[in-house]
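Coordinate analysis (summary)
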Amino acid sequence: MNDAEAVRLCQSGSLDSFRHVVERYQDVLYGTAYLMTSNGAIAEECVQESFLSAWRGIGGFRSGSPLKPWLVRILVNTVLDLRRRRNLPTEYIEGATLPGEDDPAKQVSDRESIRQALAVLPEEQRQAVMLRYFTGLSTSETAEALGWAEGTVKSRLHRALQQMRIELEK
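How each quantity is defined
Positions within a chain are numbered from 1, following the residues in the order the chain's sequence is written. Reporting of local features is limited, given that this is a predicted model, to residues whose pLDDT is at least 70; pairs of side-chain atoms are given and counted only at 80 or more, and all residues count toward the totals for whole chains, interfaces and linings. Processing note: side-chain calculations cover all non-hydrogen atoms of the structure and skip hydrogens and water entirely. Numbering of helices and strands runs from the N terminus, with a helix taken as a DSSP run of H or I at least four residues long and a strand as a DSSP run of E at least two residues long. Counted as a polar contact is a pair of N or O atoms within 3.5 Å, where, for protein atoms, one must be capable of donating a hydrogen and the other of accepting one, and residues adjacent in sequence contribute only when both atoms are in side chains. A contact between two residues is defined here by any heavy atoms of the two lying within 4.5 Å. What we call a nonpolar core is a set of buried Ala, Val, Leu, Ile, Met, Phe, Trp, Tyr and Cys residues that are connected through their side-chain atoms within 4.5 Å. Whether a residue is buried, partly exposed or exposed follows from its accessible area with a 1.4 Å probe, protein chains only, as a fraction of its type maximum: under 20%, in between, or over 50%, in that order. Between the rings of Phe, Tyr and Trp (Trp by its six-membered ring), a pair exists once the centres lie within 6.5 Å; its type follows the angle of the planes, with under 30 degrees stacked, over 60 edge-to-face, and the other angles tilted. Either the NZ atom of lysine or the CZ atom of arginine qualifies as a charge over a ring when it sits within 6 Å of the ring centre and within 35 degrees of the ring normal.

Right, let's talk about the side chain of T78 for a bit. As for its position among the elements, T78 is in helix α4 (residues 67-86). A distance of 3.3 Å separates polar atoms of two side chains, one belonging to T78 and the other to S50. With residues up to four places along the chain from it excluded, the contact list for T78 reads C46, E49 and S50.

Grouped together as the largest cluster of nonpolar side chains are 45 residues, with contacts concentrated most on V21, L67, W70, L71 and L131. Among the elements that make up this core, the one with the highest residue count is α4 (10 residues). Residues within four places of L71 in sequence aside, it is in contact with V21, Y25, L29 and A54.

Here the focus is the packing of aromatic side chains. This model, assessed by the stated rule, comprises 4 aromatic pairs. For the pair F18 and F51, a centre-to-centre distance of 6.2 Å together with 85 degrees between the ring planes defines the contact as edge-to-face. Of this pair, F18 sits in helix α2 (residues 15-37) while F51 sits in helix α3 (residues 40-57), placing them 33 residues apart in sequence. Given a relative accessible area of 9%, F18 falls into the buried group. Measuring from ring centre to ring centre gives 5.0 Å for F61 and W70, while their planes differ by 65 degrees; the resulting arrangement is edge-to-face. With respect to burial, F61 and W70 carry one shared label: buried. Put simply, the rings of F18, F51 and W55 pair up and form one aromatic cluster. Lying across the ring of W148, R156 places its NZ or CZ 4.4 Å from the centre.

In structure tokens form, the structure reads like this:
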């Protein structure tokens, strides 16, 4: 079953079709939530809340639109709302693995360096970097997920990567 068919069936009230959506996207949403919260329990809570919100709002989903950015947008909003309500820190990528790294010690060192470089970025730039490079959304999907224009995502990514290069060279 593809996303368009699953959404159509969900809009007709099919819980089995929504189960397909959950199974397909739960890992990417959990990974994104974990990157944003650095806490497994909070990440799980955010994913569950996001899927509940998605189920409640599936009737308003525009057919023909990609489902993944819509779900990620719901998740990002859920995480940001939870952070505001609980006054949680805005740390990213603690525990994330870097592709292609075989040496665990180097991986830990690189991961810490990247976490520190991300920590100095403004919130909007961190969100763009995290969704584009760690969640694997395209630039247009990142824009849709964040509710920004694609040019805004590109400029924030450009500035963020420049700043991260400076931080990583230190």
